Each structure stands twice: as C-alpha cells, then as structure tokens.
Amino acid sequence: MEIRNIAIIAHVDHGKTALTDALMKQTGMIEKEESMDSNDIEQERGITIYSKNTSLYYKDTKINIVDTPGHADFGSEVERVLRSIDSVVLVVDAQEGPMPQTKFVLKKSLELKLKPIVVINKIDKSAARPKEVKEMVYELFLDLGADDEQLDFTTIYSIAKDGVAKRKMEDESTDLTPLLETVIEKVSVASGEEALKKPLLMQPFNLAYDNFLGRLAILRIYSGTVKEGQRIFVKNKQNETKEGKITKLFTFEGVRRKESTEAVAGDIAMIAGISDIFIGDTICEEQDQEPLPFISIDEPTISINISVNDSPFSGRDGKKVTGRQIKERLEKELEVNVGLKIDFSSNDYYKTYGRGEMHIAILLENMRREGYELQISQPNVVVKEEEGVKMEPFEEVTVIVPDEVCSSVIKKLSARKGSMLEMKPEHGNTKIIFEVPTRGLLGYRNEFVVDTRGEGIMYNNVIGFKKHAGEIRRHSTGSMISMANGKALGFSLANLQNRGDLYIGPGTEVYEGMIIGDTSKGVDMAVNPTKGKQLTNVRASSSDEAICLKPHTEMTLEKGMSIMNEDEYLEITPKNIRLRKKLLTENERLRNRGKN
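Please read these numbers as outputs of a predicted model, since none were measured by experiment. (Residues numbered from 1 in each chain as written. Predicted model: local features only at pLDDT ≥ 70, side-chain atom pairs only at ≥ 80, totals over all residues. Heavy atoms only, no water.)

Novice: Whenever I open this one, the packing of helix α11 (residues 406-415) against helix α13 (residues 444-451) confuses me. Can you help?
Specialist: Put simply, α11 and α13 touch, their axes get as near as 10 Å, and they point 165° apart. Compared by their axis directions, α11 and α13 come out roughly antiparallel. Handedness of the α11/α13 crossing: right-handed. Touching Ser408, Val409, Lys412 and Leu413 of α11 are Tyr444, Glu447, Phe448 and Asp451, all from α13. (Axes fitted to C-alpha atoms, helices over the stretch in contact; angles between N-to-C directions. Helix = DSSP H or I, 4+ residues; strand = E, 2+ residues; numbered from the N terminus. Parallel < 35°, antiparallel > 145°, perpendicular 65-115°, else oblique. Left-handed = near helix turned anticlockwise from the far one by under 90°. Contact = heavy atoms within 4.5 Å.)

Novice: How should I be thinking about the side chain of arginine 129 in this particular structure?
Specialist: Relative to the assigned elements, arginine 129 resides in the loop between β5 (117-121) and α5 (130-143). Exposure remark for arginine 129: the relative accessible area of 13% places this residue in the buried category. At a separation of 2.9 Å, a polar atom in the side chain of arginine 129 contacts the main-chain carbonyl oxygen of glutamine 95. The residues contacting arginine 129, other than those within four sequence positions of it, are Ala94, Gln95, Glu96, Met136 and His427. (Buried < 20%, exposed > 50% of the residue type's maximum accessible area, 1.4 Å probe, protein only. Polar contact = N/O pair within 3.5 Å; in protein donor to acceptor, adjacent residues only side chain to side chain.)

Novice: Quick question: what am I supposed to make of the packing of helix α9 (residues 323-334) against helix α10 (residues 357-369) here?
Specialist: In a pair of packed helices, the angle between the axes and the distance between the axes together describe the arrangement. For the pair α9 and α10, interaxial distance at closest approach is 12 Å and the crossing angle is 130°. The angle between α9 and α10 falls in the class oblique. Where α9 crosses over α10, the two elements pack in a sense that is right-handed. The residues of α10 that touch α9, namely those facing Ile326, Arg329, Leu330 and Glu333, are Leu363, Asn366 and Met367. Residues of the contact of α9 with α10, tallied by class, amount to four nonpolar, one polar and two charged. (Nonpolar A, V, L, I, M, F, W, Y, C, P; charged D, E, K, R; others polar.)

Novice: Can you walk me through the packing of aromatic side chains in this structure?
Specialist: Note on aromatic pairs: each is described by the distance of the centres and the angle between the planes. Enumeration over the complete set of coordinates arrives at five aromatic pairs. With a centroid separation of 6.4 Å and an interplanar angle of 45°, the aromatic rings of tyrosine 138 and phenylalanine 153 are classed as tilted. One end of the pair, tyrosine 138, is in helix α5; the other, phenylalanine 153, is in the loop between α6 (148-151) and β6 (154-159), and 15 residues separate them in sequence. Looking at tyrosine 138, the relative accessible area reads 33%, which means it is partly exposed. Put simply, the rings of Tyr138, Phe141 and Phe153 touch in pairs and so form one group of aromatic residues. The ring of phenylalanine 250 carries the charged tip of arginine 257 above its face, separated from the ring centre by 4.7 Å. (Phe/Tyr/Trp six-rings, centres within 6.5 Å; stacked < 30°, edge-to-face > 60°. Lys NZ or Arg CZ within 6 Å of the ring centre and 35° of its normal.)

Novice: Even after reading the chapter, I still don't get the pattern of salt bridges, so can you show me in this structure?
Specialist: Should their charged atoms come close, side chains of opposite charge can pair. Summed over all chains, the structure comprises 36 salt bridges. A salt bridge links glutamate 181 to lysine 59; the nearest nitrogen and oxygen atoms lie 2.5 Å apart. Linking glutamate 181 in helix α7 (residues 177-186) with lysine 59 in the loop between β2 (52-58) and β3 (61-67), this pair joins segments that are 122 residues apart in sequence. The class of glutamate 181 is buried, set by a relative accessible area of 19%. Of the charged contacts, one joins lysine 581 and glutamate 568 as a salt bridge, the two residues approaching to 3.0 Å between their closest N and O atoms. Of this pair, lysine 581 sits in strand β34 (residues 577-581) while glutamate 568 sits in strand β33 (residues 568-572), placing them 13 residues apart in sequence. On the accessibility criterion, lysine 581 (1% relative accessible area) is buried. Through salt bridges that share partners, Lys412, Arg416, Glu447 and Asp451 make up one connected network. (Salt bridge = Lys/Arg side-chain N within 4 Å of Asp/Glu carboxyl O.)

Novice: When you look at the pairing of β5 in this model, what are you seeing that I'm missing?
Specialist: Consecutive residues of a regular strand have side chains that alternate between opposite faces of the sheet. Burial runs high along β5: five of the five residues are buried. Here β5 shows no split at all, with Ile117, Val119 and Asn121 on one side and Val118 and Ile120 on the other all buried. Across five bridges, the pairing between strand β4 (residues 87-93) and β5 is parallel. Across the sheet, valine 91 pairs through a bridge with valine 119, a residue of β5. (Pairing = 2+ DSSP bridges.)

Novice: It is not clear to me how the nonpolar core should be interpreted in this structure. Could you clarify?
Specialist: Nonpolar side chains in soluble globular proteins tend to be buried together. Counting 57 residues, the largest nonpolar core has Phe141, Met202, Ile271 and Ile283 as the members making the most contacts within it. Setting aside anything within four residues of it in sequence, one finds methionine 202 in contact with Leu219, Arg220, Ile221, Tyr222, Val226, Ile246, Ile271, Asp281, Thr282, Ile283 and Leu292. Formed by 30 residues, the second largest nonpolar core is a distinct cluster that contains Ile360, Ile376, Leu442 and Ile572. (Core = buried A, V, L, I, M, F, W, Y, C linked by side-chain atoms within 4.5 Å.)

Novice: What's the story with the environment of asparagine 206 in this structure? I'm lost.
Specialist: One can find asparagine 206 in strand β8 (residues 201-210). Note on asparagine 206: relative accessible area 5%, which makes it buried. Sequence-wise, asparagine 206 and valine 81 are 125 residues apart; in three dimensions their C-alpha atoms are separated by 7.5 Å.

Novice: Would you take a moment to explain the sheet that holds strand β16 (residues 268-272) for this structure?
Specialist: Whether parallel or antiparallel, the strands of a sheet pair through hydrogen bonds between backbone atoms. Here eight strands make up an open sheet; going across it, the order is β12-β11-β17-β8-β9-β16-β13-β14 and the pairing antiparallel. Because the sheet does not close on itself, it has two edges, and the strands there are β12 (241-245) and β14 (256-259). Each strand axis lies, on average, 40° off the axis of its neighbour in the sheet, ignoring direction.

Structural data, given as structure tokens:
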C-alpha cells in the first residue's frame, strides 16, 4: 500500500479542521458528531491548539494528515510538523485572503522546498472573491521567494463545512473527491522499495504522554521497518548516543491510535519505551548511522512567575494547592509542550517561558480545570543579549479597522514603538501592518477593542528578536482595591461604578487587598464594597430610590494577564479568577512605597 503524508495549514478560522473532518467523514474514518478539535478548550474557543495526527484510506493509498494550529502562539507546533510530511494543503478564506499566519506557515513550507496545494475555502460566502484571492496567494508566493516549481501550484475551491471541493469554480461537485484525487496526483509517495531495504531511520516531531506507558514519541519513519520490542539507538542534538528498546508501537487509523507489531518506511507512527526522547532526536538501527538534521524550535517570547496561591481565599475551590503538586504538573507539561520552558531553581516561584499570552493562558486554563490553585505575576517580555547588543522579540501586527478610528490606532501603536509598514483600504475598512515590540503589545488588546468599538480585527505574529526599542510608556491602569472582608453590596457598588469599571457584582465575596475594578483617573483607590445603606427610623426623600447597576466586566485569564500591574497577582482557582495586590493591606503598600 502506498503512503502519502500531508499537513493542513492555514490562518485561524480559515477552515483547516472543518476540511479535515469532512475528509474523514467522506472516507468513513469518523462518525458524524466526531471532530479533530476534541479538546474542551478547542471546542469552546473554536480554534485548534494542538497538532493532531489522523489517517484515511483512499484508492489503496493511506494518507496521513496532520491538522495544525492556526494561532501564532502555537507556531512551534507547526514548524516541527512540516519536517515530517511531503506536502502541505494551504487553506485560504475566499473572502479574507492570505492573513499573517498564512504567511508564517507558508514561509516555513517553502523554505523546506515543499510544494503546496492551495485550497480556497468558503467560496459560498456572499463576499467571496476567489479569483482575487488566488492572485493574492500567487503574490504571497513571490514575496516569500518561491521557486518556479512551487509557483506552479494546484488550486482547489471548496466549501469545507458542506464537504464539497472543485477543480474549477464552474464545476459541479457533491463531495471532496477532487481534493483527494489531487493529493494522489501531486503528493509524492512517502518512500519506495529502496527505503524499505535500508536500515531503520526515524525522527520524532511531536510528543504525547500516557499514565501507563509514560512519554510517547510521534515520528516519521524515513527508512527501514520498525518492530515492537526492537533495540534501537537514539542520537540527540549534542550527538550523544544511547541505546533503548521500543516497548509499544502504534500507527494511526482515523483519529485513533492502533496497536501494531510493525510499521514501514514512509508511515507516521507512535512509540513508547524511551523515557527521555525529545523532538528532533534521531532514532536508528545501527550505532554508526548519520543523524538527521535537528528540528529547531523558536524561542519563547514572554515569561511569568507561577507560585502557590497565598490569598485569604486559598484552598476554598481547588484540591491541588501545594508547591509540590504545581511543580509535578508543570514537569508533566514539559513532557509534551515543547514551546514551553520552566526554571525550577527558585523556592518561591516557577519562572515559566512561553510563545505568547495565549500559549501560557491555555496551560493555566487546563490546570485550573484539573483542580489546581495558583497565582501568577505580570507577564514580562524575554530580553537577551547578542554580541553585547540588547535584543527583544518583535511582532508583525495586522489591524483591519473602520476608517474613522485609523488615527487613534496609529497613534497608540506608534507610542508603543510600532513602525507602520503598509496601509491600504480594504472592503470599506483600512488594513494597516505594523512592526511592534512584543513589550509594546502587552495590555494593548483591551485598548484596541475600546478604540475601535469592537469593530476592529487584530492579528499578530512573532517575527524574531531585534534591537531593543528603548523605553515604552504604558498607560497604567489604576486599581479599585477592597479595604474590607465580606460580601459586596449593591448599594456600595452603585456608588463605586461611577469611579470606574467594576469586575464584580453584588453578593461576590471579597477580601482586603482584592481588586474589584479599575479607576478612570488611573490611580489606586482603596474602597469599601461591603458598606451597606445607613438605616434609621426617619424617613428620607431618597429612601426608595432604585439601585441601577451596570453589568460588570467578567474577569478572564487573558484580560487579567493584560491589565495587571507589577505589584499585583492574578489568583487562579477552578471556580474563580481574581486580581489582587501582592501586599494586601494599605499600610503594607504605603510602607513599601516609602522604601522605594
């Protein structure tokens, strides 16, 4: 049986997972209600977070498919996948055209000399413009330095949600057969007879974890045959060689892993038995075999400190609250999350490095759902030195905003050391591309939503480390800090809502030092949200006034991470997310301010 390996890549929400699901349903590999986005957070947010392997059978051919994330924070998932496959299916929205993440994943594909198949999806949209989008994709290929063979790409038009694909817009079609036929025609066979005769050579591109089997490696077999129980040699980045044994072997059949006794060259498989295997290592049959080129992963760009929750409400919601339990969970995360780095050297906190705010927020969200309680510090950008020059991460930011708010967005991003690269009209809006230090973007997203009245769209993508941009003055948000313990009362909140935006509603339990809102004046203010109405036996004209409370802003992980200040913690529990001061009492804060 012939094997073909492809990855489906695209920008967020352009239809990668919908297309993969439709291919699986047509070939009978999954049931109607099943989806590649199986994780709860993926389903809630409507985005792919983890790259996943699947396979289908079509005309005596096994097609291995890797569904990749579209969000920039999970770019490390995409990079390593591309090294293990033979072609990519680039999905582009027929209305939006190529977007920042499209550019990122396509650039990586072209550098690896892969020849993409372009799928222009959502052609049923009322504002779809497939011809223009095809030209835009062609221009993007040229800009990224595609060679002549790559420029001669095949284009398929599709409606992924309906499971329909066409070679030409005017063609009649009822399923995805045109796309499957194109894959058979254009994607080279993973390996021939010659590769099967060579010694075993394979390389992990992803990791998984099993409570019984331990660390699992998902890998591409480049030559030879791998068998369960086989003795192998592992060569790492430092060219150190160690011996190991494969205790379990799995191949992929649909979305499920299938236990197998052997797998052949060209296939994608999963192995157990090597506890310290890492992405990019070379696994071979003979000790003197040449290692494969190592798979490099982009460096983290931001860091936070994770520590034990020591607020007055600690231990109320969570079952896992100790430093040891948090450390064990973070160590387990490192088994599979290769874009993450954690420094365990401090006794007070664990310094955690990630690819972006969302990358870290997903880890924290998973932990709170598993019953963990913890607190985190304000996110900081990773700064490093190269040849004596201070370097920091920069991002390419694309905004699509109504014309009337352009000046406000340009002013704000320029103040954050952003430089404008391009500006052009697009469908009644204006599309602007900036290059901004990651440091300047921390906390900006909420301002962007307010400035554009919720009508703006913003995408950002890390482009690498550049020379430090100097001081950036961020607008500091003043905090409304509770000075009392108890339940917040509507009477008190009605008076406080005129001073700023509230994060809590009536009946919410508060403690001294907990932040219950922000202040419009931008300075910290101690308040008493538990104060009730003065009751007397004298009737006053204002006695029967109705209390009118505005809806409060719900505190979320991403919002808390973006608005918190240096002297604050974000308290994360299974049921609550609270913002608090590091020093809970007003006297402690005043004393500390005097020292500084």
